[in-house]
Amino acid sequence: MAAINREDVAHLARLAHIEMSAQELDRMAGELAVIVESVKSVSEAAGDDVPATSHPIPLTNVFREDVVGHTFTAEQSLSGAPDAAENRFKVPAILDEA
Amino acid sequence: MTDAILSFEEAMAKYDPVLGFEVHVELNTKTKMFSSAPNVFGDEPNTNVNEVDLGLPGVLPVVNKTAIESSIKIGLALNCKIAETCRFARKNYFYPDTPKNFQTSQYDEPIAYDGYLDIELSDGTVFRVEIERAHMEEDAGKLTHMGGSAGRIQGADYSLVDYNRSGVPLVEIVTKPIEGAGSRAPELAKAYVAAVREIVKNLGVSDAKMERGNVRCDANVSLRPHGRERFGIRSETKNVNSLRAVEHAVRYEIQRHAAVLDSGEPVVQETRHWHEDTRTTTSGRPKSDADDYRYFPEPDLVPVVASREWVEELRATLPEPPAERRKRLQADWGYSDLEFRDVVNAGVMDEIEETIAAGASSTVARKWWMGEIVGRAKAADVDPGQLGVKPATIVELGKLVEAGSINNKMAAEVLDAVLAGEGSPAEIIEKRGLAVVSDDGPLLEAIDAALAAQPDVADKIRGGKVQAIGAIVGGVMKATRGQADAGRVRELILEKLGVTV
């Protein structure tokens with residue numbers, strides 16, 4: 001992986017909807033570059049024969065039977081909503097769908 | 001703004017279409033993909049949810065085993081390989097249809113991959129569509145745009161969100177680029193989505209109702225000049241949610257792309273929205289770095305390992321594929337291609353199968369379902385199967401007609417009475433006194449009366465114009481209230497007039 005530069009950080013910040021000042025971008029670019037460099041050493045240690053892992057514990061197939069459990073009432077669902085109408089969450093109109 | 005389009009014929013003369021489809025299938029599990037909240041359509045907003053579906057802090061998703069099994073079944077039915085091990089991934093984006101700012105999906109490790117589906121077109125030719133992958137994910141909540149221009153997102157004042165659909169298990173089926181369909185591209189598009197819908201319905205893993213969004217299609221279209229190998233730039237038309245719309249949308253996009261290319265401009269790679277009312281698409285948004293979803297493995301879920309034993313167990317439960325079943329039934333029943341296609345299009349294949357299993361001949365079953373029941377269903381605006389005609393009723397009516405106890409006209413009357421809840425065919429015949437008059441005595445009297453009433457017709461028949469006999473037969477049938485055997489009446493009239501044919 002190439003080193004992280006300032007533009008990468010600005011791009012990620014935009015994608016993550018995080019507002020960052022010029023100073024913050026400079027600082028994070030430096031810090032993230034060090035982190036990425038450190039993580040890279042893992043790839044050096046693990047050869048192609050070592051499969052990528054996404055979980056520290058080697059568990060597989062943690063399943064639930066298809067049985068209905070508890071639900072909220074609409075009132076409970078909306079109890080933390082900043083705004084609501086007609087038993088639904090009310091949000092600003094956002095143009096176009098993801 | 002209306003886009004310029006070329007005629008379909010002109011577009012085809014110049015360009016070769018390449019298609020691709022993403023079909024989302026909602027599974028009909030009792031609960032959601034990662035939570036035990038019920039997967040039910042049409043309930044009060046935000047009541048089929050719990051903390052997992054609302055993405056509250058600290059919750060832990062747990063995978064629904066039945067959803068995994070359904071996904072494997074879909075993969076097998078699409079002739080896919082089933083991954084020995086696969087993972088879920090987070091697809092990160094900000095939009096209020098997901099409360100947690102990511103959709104749990106699969107990225108580089110789909111549960112099923114490398115399959116195909118053979119699609120039969122209307123003239124019987126078979127077109128193979130290669131399946132790239134089928135992966136598992138969760139559905140998003142439902143947004144309703146309020147204010148502004150009636151439900152459209154443009155100009156809305158605000159949106160209301162119902163998370164009942166959030167977390168409903170989905171399988172997304174992605175094709176490889178489909179080349180070589182030529183002018184049959186629109187037909188193939190429709191037939192492909194219809195085949196996928198039929199398969200998931202037949203497997204019993206989805207309710208497969210397109211009008212409810214159980215099966216949703218995004219259609220990719222690009223054009224290239226004839227003879228060129230490299231693909232053109234594609235557009236992706238979203239939410240084409242009926243079979244007819246799939247056909248129309250592909251056709252329209254081919255015409256639109258052709259006009260763009262003809263003008264010398266490049267096609268814009270973008271999302272298009274389909275409008276059923278105008279049968280056109282409009283520009284959504286161009287592909288941009290906002291499409292950088294920063295996928296990464298979902299840390300709250302462990303890998304799914306599908307042992308070969310498990311896969312084979314599931315394979316053993318698969319029903320006969322719809323296309324093979326159709327082939328078998330047509331051969332068993334001895335219907336012509338046209339007859340069989342009509343039966344399929346009328347949606348009475350299952351009903352005819354049951355009627356034959358109950359003891360009717362394939363001819364009798366087809367005559368009743370296609371000749372009588374389909375029309376009645378159409379008049380009542382319901383599916384033929386919903387009229388409540390029992391196979392045993394058809395068998396009984398068929399036997400009564402065959403035995404000559406009643407004629408076809410009476411049988412149709414009896415059917416109406418059965419549907420009106422008046423009892424079994426035998427009871428209705430008894431109650432109404434319906435029976436073919438087989439004793440010649442009363443018939444001869446009626447014939448005499450009919451001939452006397454229309455002497456000019458009688459003369460014509462004597463003079464050799466036998467086709468005029470219909471008027472006399474009609475008079476006799478009327479006099480006997482339709483209870484006479486028309487064939488016998490005809491014989492007796494000719495005998496009486498001394499005409500031999």
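Sequence order as written defines the numbering, with residues in each chain counted from 1. Each chain is given a letter, starting from A, and each ligand a number, starting from 1, according to the order in which they appear as written. Side-chain atom pairs in this predicted model are given and counted only at pLDDT of 80 or more, local residue features only at pLDDT of at least 70, and totals for whole chains, interfaces and linings cover all residues.

### Thoughts on the pairing of strand S11 (residues 169–175) of chain B
Residue and element names in this part refer to chain B.
- Buried, partly exposed and exposed are defined by the number of other C-beta atoms within 10 Å of a residue's own C-beta, namely 20 or more, between the two limits, and 12 or fewer respectively, with C-beta atoms placed from the backbone. Here a helix means four or more residues in a row that DSSP labels H or I, a strand means two or more in a row labelled E, and each is numbered from the N terminus. With respect to burial, S11 is a largely interior element, 5 of its 7 residues being buried.
- Any two strands are treated as partners once DSSP identifies two or more bridges connecting them. Bridging between strand S1 (residues 15–26) and S11 involves 5 bridges; their strand directions are antiparallel. Residue pairing in the sheet places His24 in a bridge with Glu172 of S11.
- Direction of pairing for strand S8 (residues 126–138) relative to S11: antiparallel, over a ladder of 7 bridges. Looking at the pairing, Glu138 lines up with Pro169 of S11.

### Thoughts on the interface of chain B and chain A
- Any residue pair is listed as a contact if its two C-beta atoms, each placed from the backbone, are within 7 Å. With 45 residues of chain B in contact, the opposing surface of chain A contributes 37 residues.
- Every element with two or more residues in the side of chain B that touches chain A is listed here: strand S2 (63–64), helix H2 (65–77), strand S10 (158–162), strand S15 (280–286) and strand S17 (304–305) of chain B.
- A per-element tally of the side of chain B that touches chain A places S10 of chain B first, with 5 residues.
- Among the residues making up the side of chain B that touches chain A, the classes are represented as 23 nonpolar, 12 polar and 10 charged.
- Pairing analysis gives 2 bridges linking strand S1 (residues 63–64) of chain A to S2 of chain B, with the strands arranged parallel. Directly across from Phe63 of chain A, in S2 of chain B, lies its bridge partner Val63 of chain B. Under the grouping applied here, Gly and all other residues not named as nonpolar or charged are polar, the nonpolar ones being Ala, Val, Leu, Ile, Met, Phe, Trp, Tyr, Cys and Pro and the charged ones Asp, Glu, Lys and Arg.

### Considerations on the packing of helix H1 (residues 6–15) of chain A against helix H2 (residues 22–45) of chain A
All names here are of chain A.
- Helix axes are fitted only over the stretch in contact, all axes being lines through C-alpha atoms; the angle between N-to-C directions runs from 0 to 180 degrees. It is at 9 Å that the axes of H1 and H2 come closest, and there the two elements cross at 105 degrees. With respect to H2, the axis of H1 lies roughly perpendicular. Packed against H1, whose contacting residues are Arg6, Val9 and Ala10, the element H2 presents Leu25, Asp26, Met28, Ala29 and Leu32 at the interface.
- For the contact of H1 with H2, a count of residues per class yields 6 nonpolar, no polar and 2 charged. Oblique is the label for any angle not under 35 degrees, not over 145, and not in the 65 to 115 range, which are roughly parallel, roughly antiparallel and roughly perpendicular in turn.

### Observations regarding the sheet that holds strand S7 (residues 112–120) of chain B
All names here are of chain B.
- Pairing is mixed in the open sheet, where 9 strands are placed in the order S3-S7-S8-S11-S1-S12-S13-S14-S15. Of all the strands in the sheet, just strand S3 (81–82) and S15 have a single pairing partner and so form its edges.
- By the bridge criterion, 2 bridges tie S3 to S7 in an arrangement that is antiparallel. By the bridge assignment for S7, Lys81 is matched with Tyr113.
- Sitting on the sheet, helix H4 (residues 243–262) touches S1, strand S12 (215–225), strand S13 (235–240), strand S14 (270–275) and S15, and the angle it makes with S12 is about 30 degrees.

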